[in-house]
There are 2 protein chains.
Amino acid sequence: MFQHAAELTGKKWSAAILLAMQRGADRFSEIRGSVTGLSDRMLAVRLRELEEHALVRRTVIPTVPTTVQYTLTPAGDELIRILQPLVDWAHRWET
Amino acid sequence: MFQHAAELTGKKWSAAILLAMQRGADRFSEIRGSVTGLSDRMLAVRLRELEEHALVRRTVIPTVPTTVQYTLTPAGDELIRILQPLVDWAHRWET
DNA sequence: CGGGATCCAACGCGATACTG
DNA sequence: CAGTATCGCGTTGGATCCCG
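Heads up: these notes are all about the structure in this document. Note that the structure is a prediction, hence the values are computed from the model and not measured.

Some points on the overall build of chain A
Of the regular secondary structure elements, chain A holds five helices and two strands. Along its sequence from the N terminus, chain A presents helices and strands in the succession α-α-α-α-β-β-α. On C-alpha atoms alone, chain A measures out to a radius of gyration of 14 Å, which is about the 12 Å that the 2.2 N^0.38 rule sets for 95 residues. Along the first, second and third principal axes, the C-alpha set of chain A runs to 50 × 30 × 20 Å. Counting across all 95 residues of chain A, residues that qualify as buried make up 45%. In chain A, of all internal contacts separated by at least 6 residues, the share reaching a separation of at least 24 is 45%. With the model as given, the accessible surface of chain A reaches about 5300 Å², and the carbon-plus-sulfur share is 55%. Counting 12 positive and 11 negative side-chain charges, chain A places the centres of these two groups 4 Å from one another.

Have a look at this one:
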């Protein structure tokens, strides 16, 4: 059901995180830095959800200290493009 | 912010209600009847939210007993059309 | 750097019962 | 017909502290 997609993207920060990733943020601290008000915990929780739903892929890079890279999967990439009209809609009708 | 739109449509039943209205349901009991599992309370709550956000207009018709008509505003109508690609996306990627 | 663990207040929403 | 009132519990999400 589409309900899942709507509830997932409707959750606080989810869409903001995806949009940040689309803008090029691919590391934990980059995403957190580009979304104002987002806490460590919520970012971690959301990333796990997005990963479970196969919208985001998590890649550990064995450097010291280890860095982790997050990339959009094809499904995630397509979703974020679909979300764009919604962003435009919000601007058009906002009070 | 578009966050509001995402959170609003992400709430349980919201999108289902809008879709029911697009399919022609314009009275309280019609909407409730066309969305399986939807309770009186949740429909009333959602309709109030949607009305506050100017996606739905509420019109009281002074008959006996009084009937109430719900119609999509231009904003609501546009939103529901924007939501359609999301529905398609969900079908395409669902596991 | 990239998180996990815990605690807790606020919210979401289903069930039930009642109303003009 | 078109709602409102109340209860009760599960879920969310912010704060804080800790870790490899």
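A short note on the protein's contact with DNA strand C
Within the structure, DNA strand C sits among 18 residues, and A:S29, A:R58, A:Y70, B:R41 and B:R46 are positioned closest to it. A:R48 has a polar side-chain atom sitting 3.2 Å from a phosphate oxygen of DNA strand C. The contact in question runs from a phosphate oxygen of DNA strand C to an N or O atom on the side chain of B:K11, over 3.3 Å. Listed by contribution, the elements that provide at least two residues to the surface near DNA strand C are α3 (28–34), α4 (40–52) and β2 (67–72) of chain A together with α4 (40–52) of chain B. Here the surface near DNA strand C gets four residues from one element, more than from any other, and that element is α4(A).

Quick word on the protein's contact with DNA strand D
Taken together, 19 residues are adjacent to DNA strand D, and A:R41, A:R46, B:S29, B:R58 and B:Y70 come closest. Within the side chain of A:W13, one N or O atom sits 3.2 Å away from a phosphate oxygen of DNA strand D. Separating a phosphate oxygen of DNA strand D from a side-chain N or O atom of B:S29 is a distance of 2.9 Å. Going through the elements one at a time, α4 of chain A together with α3 (28–34), α4 and β2 (67–72) of chain B are the ones with two or more residues in the surface near DNA strand D. It is α4(B) that contributes the most residues to the surface near DNA strand D, four residues altogether. For the surface near DNA strand D, a count of residues per class yields seven nonpolar, three polar and nine charged.

Considerations on helix α5 (residues 74–93) of chain B
Between its terminal C-alpha atoms α5(B) stretches 30 Å, which fits the 28 Å expected from 20 residues at 1.5 Å a residue. Those residues of α5(B) lying buried are B:A75, B:G76, B:L79, B:I80, B:I82, B:L83, B:L86, B:V87, B:W89 and B:A90. Among the structural elements, α1 (2–10) and α5 (74–93) of chain A together with α1 (2–10), α2 (14–22) and β2 of chain B are those in contact with the buried residues of α5(B).

Side note on the relation of the copies chain B and chain A
Both copies of the chain are related by one operation, a rotation about an axis with a shift along it. Overlay of chain B on chain A (RMSD 0.3 Å): rotation 178°, translation along the axis 0.0 Å. Both copies of the chain, as the preceding transformation shows, are related through a two-fold rotation axis. Residues of chain B ranked by C-alpha distance from the rotation axis are headed by B:G10, positioned 2.2 Å from it. Interface residue correspondence from chain B to chain A reaches 100%, placing this contact among same-surface, isologous pairings.

Reading the values: rules and limits
- Residues numbered from 1 in each chain as written.
- Chains lettered and ligands numbered in written order.
- Predicted model: local features only at pLDDT ≥ 70, side-chain atom pairs only at ≥ 80, totals over all residues.
- Heavy atoms only, no water.
- Helix = DSSP H or I, 4+ residues; strand = E, 2+ residues; numbered from the N terminus.
- Rg over C-alpha atoms; globule rule 2.2 N^0.38 Å.
- Buried < 20%, exposed > 50% of the residue type's maximum accessible area, 1.4 Å probe, protein only.
- Contact = heavy atoms within 4.5 Å.
- Areas by Shrake-Rupley, 256 points an atom, 1.4 Å probe, with all protein chains shown as cover.
- Lys, Arg positive; Asp, Glu negative; His and termini not counted.
- Charge placed at Lys NZ, Arg CZ, Asp CG, Glu CD.
- Near = heavy atom within 4 Å.
- Polar contact = N/O pair within 3.5 Å; in protein donor to acceptor, adjacent residues only side chain to side chain.
- Nonpolar A, V, L, I, M, F, W, Y, C, P; charged D, E, K, R; others polar.
- Expected span 1.5 Å × (residues − 1).
- Least-squares fit on C-alpha atoms with pLDDT ≥ 70 in both.

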